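Commentary on secondary and tertiary structure
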Amino acid sequence: MATYILFWNPDISSYTKERFLEDFSDVEGVGNWSFYEHERVKPGDSFFMVKCGAGNTGIVMRGVIDSRCYHGDDWSPKQRSNIYYADIETCVSINPWSDAPLLTPDDLTAAIPDFNWCGGHSGRKLEQAAANLLDKIWLEYLDSNQEMFCNRDAWGDDYYQGIISKAQAKKLVKRHGCRCEICGYSYAEVFGTQEAADRDRNAYPRVVRNAALDRLLYNICGNCRAMPAESIAAKLLEKQNANR
């Protein structure tokens with residue numbers, strides 16, 4: 001699976017700020033995008049979209065490519081003849097006009113200096129080693145900024161349950177202590193930290209959607225998972241308030 005970097009400057013793009021905000025409100029993606037390196041794009045490849053230009057800049061979308069590239073009319077007034085598009089499905093969208101922090105071009109350049117993160121041709125393929133590193137950086141970024149989903153500054157929290165690999169999910173479980181955050185049951189104390197992170201029944205952290213919670217992901221044991229979602233959120237909120 002290849003990874004492509006798309007660039008978006010709303011000041012010059014046919015996809016304007018207003019269109020983005022309307023799609024964001026409706027939990028919709030942009031639909032398609034132009035690709036400079038279009039020859040080998042295929043369904044199942046992934047993309048990151050980087051907002052450039054004025055204002056907050058950085059990654060604002062992560063998703064999956066749904067088609068091979070096809071020729072189309074130029075989106076700009078330049079009337080270029082060599083414009084190719086692919087259909088894309090957005091899995092995570094972050095509003096750059098909100099309080100959500102972005103992974104900025106400076107952050108990305110510091111980690112992956114051999115790629116121009118400030119603009120240029122949109123739809124360029126990232127080398128595999130750099131793509132693997134970007135996936136790791138992205139996962140850590142989402143884990144550190146879960147509140148943007150709670151605050152509705154981003155959507156796509158199903159990404160955690162449907163897109164990330166089991167290996168990545170296990171790292172999240174391990175990072176949050178391998179302990180049920182409701183009843184306190186410790187997988188690490190019973191099985192050892194590594195085995196606890198490897199156990200299938202605790203392979204994915206649980207998404208708990210509640211605007212009053214500070215986080216989105218919680219380690220919850222099998223017994224506590226059986227409770228109604230409202231009860232899970234209430235117990236987590238009680239513990240959160242007690243620790244303040």
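Further up the page is the structure itself.
I will try to describe carefully the structure that is included in this document. All of these numbers come straight from a predicted model, not from anything done at the bench.

Description of helix α1 (residues 17-25)
Within the span of α1, buried status applies to Phe20, Asp23 and Phe24. Take α1 and look down its axis: the buried residues cluster within an arc of 100°, on one side only. Residues of α1 that are exposed and point more than 90 degrees away from the buried face comprise Glu18, Glu22 and Ser25. Where α1 is buried, its residues contact β1 (3-8), β4 (58-65), β6 (84-94) and β8 (154-155). Note on α1: the residue one or two positions beyond its end, Val27, has a positive phi of about 55°.

Remarks on the side chain of Asn95
Here Asn95 is to be found in the loop between β6 and α2 (105-111). Asn95 sits in the buried class, given a relative accessible area of 11%. A distance of 2.9 Å separates a polar atom in the side chain of Asn95 from the backbone nitrogen of Trp97.

Some thoughts on the side chain of Asn9
Here Asn9 lies in the loop between β1 and α1. On the basis of relative accessibility, which here comes to 19%, the residue Asn9 falls in the buried class. If we ignore the near neighbours within four places in the chain, the residues touching Asn9 are Cys52 and Gly53.

Some points on unusual backbone geometry
With a phi angle near 60°, Gln79 is a residue other than glycine that sits in the positive phi range. Tracing the sequence through the fold places Gln79 in the loop between β5 (70-71) and β6. Positioned with a positive phi, Arg152 is a non-glycine residue whose angle comes to about 60°. Mapped onto the fold, Arg152 is located in the loop between α4 (147-150) and β8.

Here's the deal with the packing of aromatic side chains
Inspection of every chain in the model, using the stated rule, returns 10 aromatic pairs. A centroid spacing of 6.0 Å and a plane angle of 80° characterise the contact between Trp8 and Trp97, whose relative ring orientation is edge-to-face. Note that Trp8 is positioned in strand β1 and Trp97 in the loop between β6 and α2, a separation of 89 residues in sequence. Relative accessible area serves as the criterion here: at 0%, Trp8 is assigned to the buried category. Look at Phe115 and Trp117: their rings are 4.7 Å apart centre to centre, the planes differ by 50°, and that puts the pair in the tilted class. Joined through ring pairs, the aromatic side chains of Trp8, Tyr15, Phe20, Phe24, Trp33 and Trp97 make up one cluster.

Rules and cut-offs
- Residues numbered from 1 in each chain as written.
- Predicted model: local features only at pLDDT ≥ 70, side-chain atom pairs only at ≥ 80, totals over all residues.
- Heavy atoms only, no water.
- Buried < 20%, exposed > 50% of the residue type's maximum accessible area, 1.4 Å probe, protein only.
- Helix = DSSP H or I, 4+ residues; strand = E, 2+ residues; numbered from the N terminus.
- Arc of directions from axis to C-beta.
- Contact = heavy atoms within 4.5 Å.
- Polar contact = N/O pair within 3.5 Å; in protein donor to acceptor, adjacent residues only side chain to side chain.
- Phe/Tyr/Trp six-rings, centres within 6.5 Å; stacked < 30°, edge-to-face > 60°.

Shape is all these values report; function is a separate question.
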